[in-house]
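Listed here are the chains, written in short residue letters.
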Amino acid sequence: MPLARAQDTQKPTAAQPNATVPDATVPETKGTGQGATGGAPALPGVAGQPNPSSGEGSQAQKPVEAEDHNAGLDGPAEPGRTSRLLDPAEAGDALGKIAPSGAAAAGGQQKELLTPSSGLGVLDRMGAPLPDLPAEKAFTGKVDDAYGAFQRGFYLTAMELALPRAQSGDAAAQTLVAELFEQGLGVKRDRKQAAFWYKQSAEGGDPAGMFKYALLLMDGRQVERDRKKADEYMKKAADAGNPSAQFNYGQMLVADTPGEKGLRAAMAYYEKSAEQGIADAQYALSQLYSNLQGLPPEKTGRAREWLLRAARAGYDTAQLDLGIWLVNGVAGDRDYDAGFRWLKRAAEGGNVVAQNRLAYLYINALGTRPDPVEAAKWFVLSRRAGLNDAGLEDFYLGLTDEQQKAAISAANKFRVR
């Protein structure tokens, strides 16, 4: 069910199911992970960028006003401008390899913890293909008529059935009544009534109610802000099995205890949430498994699996990183074709960094045929969003006027899918 993002001025906000996971707040691995092979060409990227993983240009590096570098973005380069065409495949370490967003520019040194990604949320990802669901177990419990009516869209019936139970102390029914008031389903929206019933539900021990009430306590608009009580209810909901609370409580642990200690404490909650299908937790787990030292092989060996699950759920940052992992051979074998497909999918979804990396794949013919016009198109799109790249700009300026015009035309026609 859609949840509002809770705010907390003191510490990083715990995300909701439709929020994003941080870039695992762990040091990046270099492209020498399990299964990486030597001899592959160095793939230029944007080394040391500040993690502009979202599809929104506001997350990318701000444009640098220098010379007339923007001239080539709106039309062919001026005749007097000397092209400095570089072969990206031979650009060397100056541009770095394709690397996960925010990768450290220096080798061997751990970088500081990353800030949360602002990639697409659950609601934004609803149109994306989802992974196959596990086979459902036969239900042997008591059928809840109120929730059944709610799931079928009979909201007035749901309220009529749930309200008497809620008034008699049924915590699950109290959560349902609160949800109906919060969303204005079958009744007039009344957030104060919703807050009242969420409080009753939380005090009655319903996991979903405790989770929602914890968010209200952090938000401080419908009820008085109380971070200590919010933490208590979030932990109770997480320990009771609520997957969204498990992910959020993991986020709280990371925020309260920065560094490896907090990450290890949060890992158990991420694991429980990931197993229940929360893509944000699956992404976080992939980063922890690939970067924390001393984990058992049964965990490190599943890093790419968890990243794949998050990518399949439509999480654009996971799609970006999965494409990069496949190209560089991180946590498994190289697979240029699959890496190209995932980067293209993220780029078409509006991820600016993926658009930048995809341009390099077209230039170097990795996973696809070389296509200078298509490469230039993705460069133009990422550059318009604010992501500078001197290497791609040099490549663009070395194209013919006809190729530049074709790339600009294709970029103008592009629509996020």
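Residues numbered from 1 in each chain as written. Predicted model: local features only at pLDDT ≥ 70, side-chain atom pairs only at ≥ 80, totals over all residues. Heavy atoms only, no water.

Chemist: Please give an account of the overall build of the protein chain that cites residues and values.
Modeler: In terms of regular secondary structure, the protein chain is built from 18 helices and 0 strands. Sorting the 417 residues of the protein chain into buried and exposed places 50% on the buried side. Partitioning the intrachain contacts of the protein chain with sequence separation of at least 6 by distance along the chain shows that 66% fall at a separation of at least 24. Only carbon and sulfur atoms are counted for the fraction: they give 51% of the accessible area of the protein chain, which is about 19700 Å². (Helix = DSSP H or I, 4+ residues; strand = E, 2+ residues; numbered from the N terminus. Buried < 20%, exposed > 50% of the residue type's maximum accessible area, 1.4 Å probe, protein only. Contact = heavy atoms within 4.5 Å. Areas by Shrake-Rupley, 256 points an atom, 1.4 Å probe, with all protein chains shown as cover.)

Chemist: Any chance you could break down the pattern of salt bridges for me, citing the residues and the numbers?
Modeler: Counting across every chain of the model gives 17 salt bridges. Two residues, R227 and D256, come together in a salt bridge whose shortest N-O distance is 3.8 Å. Placement of the pair is R227 in helix α7 (residues 227-239) and D256 in helix α8 (residues 243-256), with a sequence separation of 29 residues. For D256, a relative accessible area of 33% gives the class partly exposed. With its nearest N and O atoms 2.9 Å apart, the salt bridge here joins K377 to E374. Here the residue K377 and the residue E374 both occupy positions in helix α16 (residues 372-384), the gap between them amounting to 3 residues, near one helical turn. (Salt bridge = Lys/Arg side-chain N within 4 Å of Asp/Glu carboxyl O.)

Chemist: Summarise the side chain of R383; cite the residues concerned and give the values.
Modeler: Within the secondary structure, R383 sits in helix α16. Of the buried charged residues, R383 lacks a salt bridge, with E393 as the closest side chain of opposite charge at 4.9 Å. (Lys, Arg positive; Asp, Glu negative; His and termini not counted.)

Chemist: I'd like a description of the nonpolar core, backed by residues and values.
Modeler: Judged by nonpolar contacts, the single largest core of 67 residues is most densely connected at Y213, M234 and Y270. Leave out the neighbours within four places in its chain, and M234 touches F211, A214, L215, M218, A245, N248, Y249 and M252. Core analysis: the next-biggest nonpolar cluster, separate from the first, contains 33 residues, F340, V353, Y360 and L387 among them. (Core = buried A, V, L, I, M, F, W, Y, C linked by side-chain atoms within 4.5 Å.)

Chemist: Report on the environment of S286, specifying residues and quantitative values.
Modeler: Counting through the fold element by element, S286 comes out in helix α10 (residues 279-291). You can call S286 buried: its relative accessible area is 0%. Each C-alpha atom, one on S286 and one on W306, is 5.3 Å from the other, the two residues being 20 residues apart in sequence. Excluding anything up to four places from it in sequence, S286 contacts A303, W306, L307 and W325. A polar contact is formed between the side chain of S286 and the backbone oxygen of Y283, at a distance of 2.6 Å. (Polar contact = N/O pair within 3.5 Å; in protein donor to acceptor, adjacent residues only side chain to side chain.)

Chemist: Give a description of the packing of helix α15 (residues 352-364) against α16 that names residues and reports values.
Modeler: For the pair α15 and α16, interaxial distance at closest approach is 8 Å and the crossing angle is 160 degrees. Judged by the angle between their axes, α15 and α16 are roughly antiparallel. Here α15 and α16 pass one another in a crossing that is left-handed. Residues V352, Q355, N356, L358, A359, Y362 and I363 of α15 touch α16, and the partners they reach there are E374, A375, W378, F379, L381 and S382. Tallied by class, the residues present in the contact of α15 with α16 amount to 9 nonpolar, 3 polar and 1 charged. (Axes fitted to C-alpha atoms, helices over the stretch in contact; angles between N-to-C directions. Parallel < 35°, antiparallel > 145°, perpendicular 65-115°, else oblique. Left-handed = near helix turned anticlockwise from the far one by under 90°. Nonpolar A, V, L, I, M, F, W, Y, C, P; charged D, E, K, R; others polar.)

Chemist: Can you break down unusual backbone geometry residue by residue, with the values?
Modeler: Positioned with a positive phi, A331 is a non-glycine residue whose angle comes to about 60 degrees. With respect to the secondary-structure elements, A331 resides in the loop between α13 (316-328) and α14 (336-348).

Chemist: So what's going on with the confidence of the model for the protein chain? Which residues, and what values?
Modeler: Do not read the fine detail of predicted coordinates wherever pLDDT is low. Looking at the protein chain, pLDDT values average 77 and 67% of them are 70 or higher. In the predicted structure, residues 1-128 sits below a pLDDT of 50 and forms 298 contacts with residues beyond four places in sequence or in another chain. (pLDDT = per-residue confidence, 0-100.)

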